[in-house]
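# Geometric and topological summary
For reference, the chains in residue letters:
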Amino acid sequence: MQDKLYGGRFEGGQDKFFEKFSESLHFDKRLFSVDIAGSQAFARALESVGILSAEERGTIVHAFGEIAVEGRAPGYFDGATDEDVHSFVIRKLKEKAGAVADKIHTGRSRNEQVSLDTRLWLRGAIEETIDAAKALMGGLLELAEKYPSAAVPGYTHMRRAQAVLWPHYLLAYFEMFTRDVERLRQAHARVNVLPLGSGALAGSAFPFDREAIAADLGFAAITRNSMDVSGDRDFALDYMHAANLTMLHLSRLAEDWILYSSEEFGWLELSDGVSSGSSLMPQKKNPDSLELIRGKCGRVFGAYSALFVTMKGLPMTYNRDMQEDKEPLFEAADQTIACLRMAAIVAQQVTLNPSVPEKASAESWVVATDIAEALSRAGLPFHQSHKLAGRLVLHGIKSGKNPAEFTAAELAEFDPHFTTDFVGILRDPRNGMATRTVPGGTAPSSVARALGEAKERIGSL
Ligand code: ARG
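Rules used throughout
- Residues numbered from 1 in each chain as written.
- Predicted model: local features only at pLDDT ≥ 70, side-chain atom pairs only at ≥ 80, totals over all residues.
- Heavy atoms only, no water.
- Salt bridge = Lys/Arg side-chain N within 4 Å of Asp/Glu carboxyl O.
- Helix = DSSP H or I, 4+ residues; strand = E, 2+ residues; numbered from the N terminus.
- Buried < 20%, exposed > 50% of the residue type's maximum accessible area, 1.4 Å probe, protein only.
- Axes fitted to C-alpha atoms, helices over the stretch in contact; angles between N-to-C directions.
- Parallel < 35°, antiparallel > 145°, perpendicular 65-115°, else oblique.
- Left-handed = near helix turned anticlockwise from the far one by under 90°.
- Contact = heavy atoms within 4.5 Å.
- Nonpolar A, V, L, I, M, F, W, Y, C, P; charged D, E, K, R; others polar.
- Near = heavy atom within 4 Å.
- Polar contact = N/O pair within 3.5 Å; in protein donor to acceptor, adjacent residues only side chain to side chain.
- Areas by Shrake-Rupley, 256 points an atom, 1.4 Å probe, with all protein chains shown as cover.
- Disulfide = S-S within 2.5 Å.
- Pairing = 2+ DSSP bridges.
- Core = buried A, V, L, I, M, F, W, Y, C linked by side-chain atoms within 4.5 Å.

### Quick word on the pattern of salt bridges
Evaluated as defined, the whole model comprises 31 salt bridges. In this structure, the salt-bridge partner of Glu19 is Lys16, at a minimum N-O distance of 3.3 Å. With a gap of three residues between them, Glu19 and Lys16 both fall in helix α1 (residues 16-22), about one helical turn apart. The exposure class assigned to Glu19 is buried, which follows from its relative accessible area of 9%. Classification of Lys16 as exposed rests on a relative accessible area of 62%. As a salt-bridge pair, Asp180 and Arg183 come within 3.2 Å of each other at their nearest N and O atoms. One end of the pair, Asp180, and the other, Arg183, are both in helix α7 (residues 166-191), three residues apart, so they sit about a helical turn from each other. Connected via shared salt-bridge partners are Asp82, Arg91, Lys92 and Glu95.

### Quick word on the packing of helix α6 (residues 110-146) against helix α19 (residues 444-459)
Between α6 and α19, the shortest axis-to-axis distance is 11 Å and the interhelical angle comes to 160°. Between α6 and α19, the interaxial angle falls into the category roughly antiparallel. In this structure, α6 meets α19 at a crossing whose hand is left-handed. For the pair formed by α6 and α19, the contact residues are Lys134, Met137, Gly138, Leu141, Ala144 and Glu145 on the first element and Leu451, Ala454, Lys455 and Ile458 on the second. For the contact of α6 with α19, the class distribution of residues is six nonpolar, one polar and three charged.

### Re the site of the ligand
What surrounds the ligand is the set Ser24, Asp84, Arg110, Asn111, Val114, Tyr318, Gln323 and Lys326. At 2.9 Å from a nitrogen atom of the ligand is found a side-chain nitrogen or oxygen belonging to Asp84. Contact distances for the ligand include 2.4 Å between an oxygen atom and a side-chain N or O atom of Tyr318. Here the ligand has 340 Å² of accessible area as a free molecule, and 85% of this is covered by the chains. It is α6 that contributes the most residues to the shell around the ligand, three residues altogether. Class assignment for the residues of the shell around the ligand results in two nonpolar, three polar and three charged.

### Quick notes on the state of the cysteines
This model, assessed by the stated rule, comprises zero disulfides. The closest cysteine sulfur to the non-disulfide-bonded Cys339 is located on Cys297, 7.0 Å from its own sulfur.

### With respect to the pairing of strand β1 (residues 151-156)
Note: β1 against strand β2 (residues 159-165), six bridges, orientation antiparallel. When the bridges of β2 are listed, Thr156 appears paired with Arg159. Counted between consecutive antiparallel strands, the loop separating β1 from β2 contains two residues, among which His157 sits at a positive phi close to 55°.

### Describing the environment of Ser230
One can find Ser230 in helix α9 (residues 226-231). For Ser230, a relative accessible area of 0% corresponds to the buried category. Between the C-alpha atoms of Ser230 and Lys284, which are 54 residues apart in sequence, the distance is 54 Å. Every residue in contact with Ser230, bar those within four places of it in the chain, is listed here: Asn111, Gly199, Ala200, Leu201, Thr317, Tyr318 and Met322. Of note is the side chain of Ser230, whose polar atom sits 2.3 Å from the backbone oxygen of Ala200.

### So, the nonpolar core
By size, the foremost hydrophobic cluster in this structure holds 114 residues, and its most contacted members are Trp166, Tyr239 and Trp257. The greatest single-element share of this core, amounting to 15 residues, is contributed by α6. The contacts of Tyr239, once residues within four sequence positions are left out, are Leu122, Ala125, Ile126, Thr129, Leu184, Ala187, Leu329 and Ala333. Val367, Ala368, Leu380 and Leu388 belong to the second largest nonpolar core, which has 19 residues in total.

What follows is the structure, given as structure tokens:
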């Protein structure tokens, strides 16, 4: 085991088991490059308060630059026994720059350093998550434009409810992912605050210009309380909450498409490229890509719970428990980004067979609400319209007739409220759809407008 960043106070070495139990290098090495970037900025700050000469600062910043490049080589971390990435990087600096490296940790604590590194890393991860979400949203819009006038049954309680345009259905997911991107941006704003200068918990004893360090590292603001910094992981949880909702939305999309591509529905055809076969049953084409997206929710939601519960009831300020933040955070980001990318590929390659959902609409009574509403438009109070339309549905079901099979004469005979206009409403669900012209409704004019707006909105997200 390497020298620790402390030691003067200790007489005995660490128990071998404890050493292994507590090391974090095998996972926090992901913070290697941001740890170096943060330390380079800190070296400049140390120069500004007179701890480092310009020459010393130059030596340190240069050495860090070389270490950053060397770190990209495979096997760079092999055999390292340092406690964590911060200790590792400082050892490397000592090996390269010699005695001057002993000054780099002046007025700094790992408690603020770990907050700084995690924030720097998370800024990048949030940007990647947003990019992946936007790529999927673009894919959904393209898929909408491939079938601009396809009509599909919309469901409530998993029962055919009312017909909607296929682009209208996809735009619903566009809205969910829009909110996700907004939440991710809000999380980014919380993450993008400089903690450096907080010391271990009481604030640094050196008069750093914290605003200048923030500007150096691209942070929008500085934290306001040193104790809060040492004990805070809200910023990680904020991201993970946004990621959880993104995964939740992905799981619903995955579930829909698993159903819609099943033999029972048969509307969607997933590409071979995102499907798997069966080792036993030769005919199978399974939607594994979507099932894995749905399944990975378990890991991402679990990661959130893990960190959330770890933070509960911790006394002020830093406690080593908090080292347990990184694995769940990395896990949440990795899986969310991967699932967004997977979903974008599925969306890009999926095909819709519009005649199947159209037949499903025709064979059901998705026009029943349109009938009731047309009756009320002609003056009948809605409760009576509802009852009359319901009676017609029952009659159709009992006599084995689809809505489109009713003639004007049969309708008039059933009830004189059914004028000839009703033949059209029963024949094609699109006629009812066309009445839903409110903003947010599924009338073709509203959907075309919404689609146009969505294409503009994605640019400014
Ligand atoms: N590796 C630690 C973490 O990830 C940071 C070190 C702080 N350790 C300490 N004993 N104060 O939280």
